[in-house]
Each structure stands twice: as C-alpha cells, then as structure tokens.
Amino acid sequence: MKTEDKALLRVLAGEALDPPPAWMMRQAGRYLPEYRATRAKAGSFLDLCYTPELAAEVTLQPIRRYGFDAAILFADILLVPQALGADLWFVEGEGPRLSTLTDAAGLAALRPVSALDETLAPIYETVRSLRGALPAETALIGFAGAPWTVATYMIAGRGTKDHAPARAVRYRDPVVFDGLMARLTEATTHYLLQQIDAGAEVVMLFDSWSGALPGPLFQRYATQPAAEIVTAIREKHPGFPVIGFPRQGGEKLPAFIAETGVSACAIDSGVDPVWAAEVLQPVACVQGNLDPTLMVAGGAALEDGVRALRRIFAGGPYIFNLGHGITPEADPRNVTRMLEALRA
Ligand code: CP3
C-alpha cells in the first residue's frame, strides 16, 4: 500500500472516513503485560528507548494485539534535553528527574544541535527498522516534545504541578528563557527531520503543558515555536503531515491552527467535541478526545463515549484517540471493546 492510501494519511489530507482511523497516546505502555516483560528485559526505561530492537518491539506490540491504524515511535520527549547535555534519570513510581537549567551559565553549557545525533542515532535506527516491520496499512508517527513543555522539565528538573519554575525564569530572565526556547526549537526541528528521513510518515508535537502558559504568552511560546517547526519541516517536505497537541489550549486552539498550519489538532478531554467539530474541523483534522479513565472503567460509559465521538466527528476529517495517554491501570480488554464500538 502506498503511504497516501493509509487511512491515517487520508484523513490528515482532509478526507472524512467513517469509521475513522484510530490509535492511542501511550499505546505501548505499562497496561500491557508484553510491554512490562520487554521493559524488564531492557533493564530500565531509558535502556528500552535506546535499544532499537526492543524499542521497535514495544512499538509493534499494540499493533499486533489491536490492529491500530498508526504506530507511534517508542521513545520519550526528554531524550532531546539529554542529548543537549542535561542529566536525565527516572525514579521508579515517581517520574523523570533532570539536572536543572535556570541561568545563563546553564544555557551556555548546553551542547550545540550539531551534537544531538551522537545521542539520538539509536532512535532513528528504531524508526528505520519499524518501516520495514509494520503492516502495509499502518502509518508510522514520529514525535517530539514542544519547546515549552520540554523547557518546563529542563528548568524545574522534574514534572511540576503548575510549571511555576519555568514561568518564573521567563519573568526574571527573559534573555535566558528565550535562548533556551530558541535552542529547543532548533533541536526539535532537527530531531523531527531526522525521524522523517528515517521513515516517519507523520510527526506529532506534544505540548502537554501549554495550558500553563498565561494567555499573553501562549502565542509566543506555544504557537510561534510550533509554527517555526512546521514551516521548517515543510520547506524540506512540502505538505508533510504534522499533528499539534497544545494540551489545554482551549479557546486558543483556532488561532493555534491558523498560525501554525498543522494538519491536525489533537484535543484533550476538556474540549467540548461539539464545539471542536463546528469550529476546528472545518480548518483541520481533529484528533481525540475520549477520557482515558474510560479505559479503566469500561462498561456502557465507554461504549457510549466512543459512539458519541464517532457521530459528532463523522462529517469531517477525524482521528479517534484518547484525550491524553492511556494509564497503567487501564484494562487491556477495554481497548478491544473501544475498537469494537468504534468499528461496529
Ligand atoms: O505514546 C507512545 O506510546 C509513545 C511513547 C511515548 C512515551 N512518552 C513513552 C513513555 C511518548 C509519545 C511519550 C511522550 C511524553 N513523555 C510526554 C508528552 C505526552 C504526555 O503524556 O503528556 C511527556 C510529558 C513525557 C515525559 C515523561 N515520560 C513522564 C512525565 C514520564 C513518567 C510518567 C509515567 O507515565 O511514568 C515518562 C515515562 C514514560 N514515557 C513511560 C512511557 C511508556 C513510562 C515508563 C516506564 O515504563 O516506567
């Protein structure tokens, strides 16, 4: 099958398909026993990310089990800061930890973008091997974290509830903050272009914490970097499909789509799907936004939720997905129920 005939690529080019193509954020993850087994074999989460054979294996696991329309490269948004020189480690049951960057000395110590591939080459190798291993109808999605979301981790050294440390650096020292954002925008562009050269057919930009940007700063630190990245990708690959995910962007989503030119906008579960179908779908493909908790709860609420989304978005280009990643507590059987309800 040619790339452009795959269901995911067709909706990204503006076609409406019913039933729509489907995949899930974090579809390769701890809710799957086969993921936990491969992760144990790798030793650590980072070893799993940097071992192409094992990273490709966990990417393929949800495709084999469920037949999703897309596979997403198995890696993490925090590999880019690591490649720029930050220390990165994961605390079991808690999450990521990084060395912190809060001043001009920290910014000056970062490695240049030309050094990224010394660390990230195994990721491109995973992409290359996936292109050979995926079923003909399955699209391959590459991804990166958006500059603001990655900056929140680099500044605070960990996930924070309100991302106040990153905003405080922006207010106190805008020169350092803008320097970091510029480096991350350049690094993200390079990283995504390398994934595309290795065989990614779509790329997704995760701005998980864009909702923490106050209104006046959203355009500058969520929309503008995304626009620069989309433009740079399309200079080399005209029309290349990009999915933006400015999570909790709410009423700023229409301007985000207009100013970035993303092919699709992923929406979190807080966005009213009826509003999204009316306002966003005429200008971009929409992806989302089933509440991930339904993958834990299951039952009639899950089936009703799936059917409602299919109905609401049937008139335009749409990718079925959750509003955020599936959680470790999810029941793998609920994924089967979700896909049955969607395709019935
Ligand atoms: O979606 C996929 O299946 C592809 C792989 C993927 C992972 N992380 C694997 C992962 C993707 C696309 C990500 C993106 C990511 N990573 C984001 C943006 C999306 C989002 O969820 O908002 C963020 C903020 C991160 C940073 C990160 N990585 C955190 C905060 C954590 C710890 C929290 C947690 O869920 O454990 C991770 C670890 C991580 N990344 C895991 C996986 C499968 C769990 C690691 C493990 O196996 O223990």
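Please read all numbers here as calculations on a predicted model, not as lab measurements.

*Asks:* Help me understand the site of the ligand in this model?
*Replies:* As a matter of local geometry, the ligand sits amid 22 residues, with Tyr 35, Arg 39, Asp 76, Ser 208 and His 324 nearest to it. At 2.7 Å, a backbone N or O of Arg 26 approaches an oxygen atom of the ligand. Contacts to the ligand include Ala 28, whose backbone N or O atom sits 3.4 Å from an oxygen atom. Contact with the protein chains covers 88% of the free accessible surface of the ligand, which is 870 Å². Those elements that provide at least two residues to the shell around the ligand are helix H2 (33-42) and strand S3 (95-98).

*Asks:* Looking at this model, I keep getting lost on the environment of Ala 258. Mind explaining?
*Replies:* By secondary structure assignment, the location of Ala 258 is in helix H12 (residues 253-260). Judged by its relative accessible area of 63%, Ala 258 falls in the exposed class. A sequence separation of 25 residues divides Ala 258 from Val 283, and the C-alpha atoms of the two residues are 7.9 Å apart.

*Asks:* I keep staring at the sheet that holds strand S1 (residues 70-72) and nothing clicks. Help me out?
*Replies:* Here 7 strands make up an open sheet; going across it, the order is S1-S4-S5-S6-S7-S8-S9 and the pairing parallel. Strands at the two margins of the open sheet, each flanked by one partner only, are S1 and strand S9 (318-322). Direction aside, neighbouring strands of the sheet carry axes that sit 25° apart on average. Where strand S6 (residues 242-246) lies against strand S7 (residues 264-266), 2 bridges are found, and the strand directions are parallel. Note that in S7 the partner of Gly 244 across the bridge is Cys 265. Lying on the sheet, helix H11 (residues 215-236) is in contact with strand S5 (202-207) and S6; it crosses S5 at an angle near 165°.

*Asks:* Please explain helix H9 (residues 164-172) as it appears in this structure.
*Replies:* An α-helical segment advances 3.6 residues per turn. Residues three or four places apart therefore align on the same side. Of the residues making up H9, those classed as buried are Ala 166, Val 169 and Arg 170. Down the axis of H9, the buried side of the element spans an arc of 100°, and every buried residue falls inside it. Contact partners of the buried residues in H9: helix H8 (147-156), helix H10 (174-198) and H11.

*Asks:* Please clarify how the pairing of strand S4 (residues 139-145) should be interpreted in this entry.
*Replies:* Regular strands place side chains that alternate from one sheet face to the opposite one. Most of S4 is tucked away: 7 of the 7 residues are buried. Burial along S4 is two-sided: the residues Ala 139, Ile 141, Phe 143 and Gly 145 and Leu 140, Gly 142 and Ala 144 are all buried. Two strands pair when backbone bridges link them, and S1 and S4 are joined in this way by 3 bridges, in the parallel orientation. Note that in S4 the partner of Ala 70 across the bridge is Ala 139. Bridging between S4 and S5 involves 5 bridges; their strand directions are parallel. The residue of S5 that forms the bridge with Ala 144 is Leu 205.

*Asks:* What should I look at first to understand the side chain of Asp 268 in this one?
*Replies:* When you line up the elements, Asp 268 lands in the loop between S7 and helix H13 (273-279). Buried charge Asp 268 goes without a salt bridge, the closest partner of opposite sign being Arg 247 at 6.0 Å. Within polar-contact distance, the side chain of Asp 268 engages the backbone nitrogen of Gly 270 at 2.9 Å.

Reading the values: rules and limits
- Residues numbered from 1 in each chain as written.
- Predicted model: local features only at pLDDT ≥ 70, side-chain atom pairs only at ≥ 80, totals over all residues.
- Heavy atoms only, no water.
- Near = heavy atom within 4 Å.
- Polar contact = N/O pair within 3.5 Å; in protein donor to acceptor, adjacent residues only side chain to side chain.
- Areas by Shrake-Rupley, 256 points an atom, 1.4 Å probe, with all protein chains shown as cover.
- Helix = DSSP H or I, 4+ residues; strand = E, 2+ residues; numbered from the N terminus.
- Buried < 20%, exposed > 50% of the residue type's maximum accessible area, 1.4 Å probe, protein only.
- Pairing = 2+ DSSP bridges.
- Axes fitted to C-alpha atoms, helices over the stretch in contact; angles between N-to-C directions.
- Contact = heavy atoms within 4.5 Å.
- Arc of directions from axis to C-beta.
- Lys, Arg positive; Asp, Glu negative; His and termini not counted.
- Salt bridge = Lys/Arg side-chain N within 4 Å of Asp/Glu carboxyl O.

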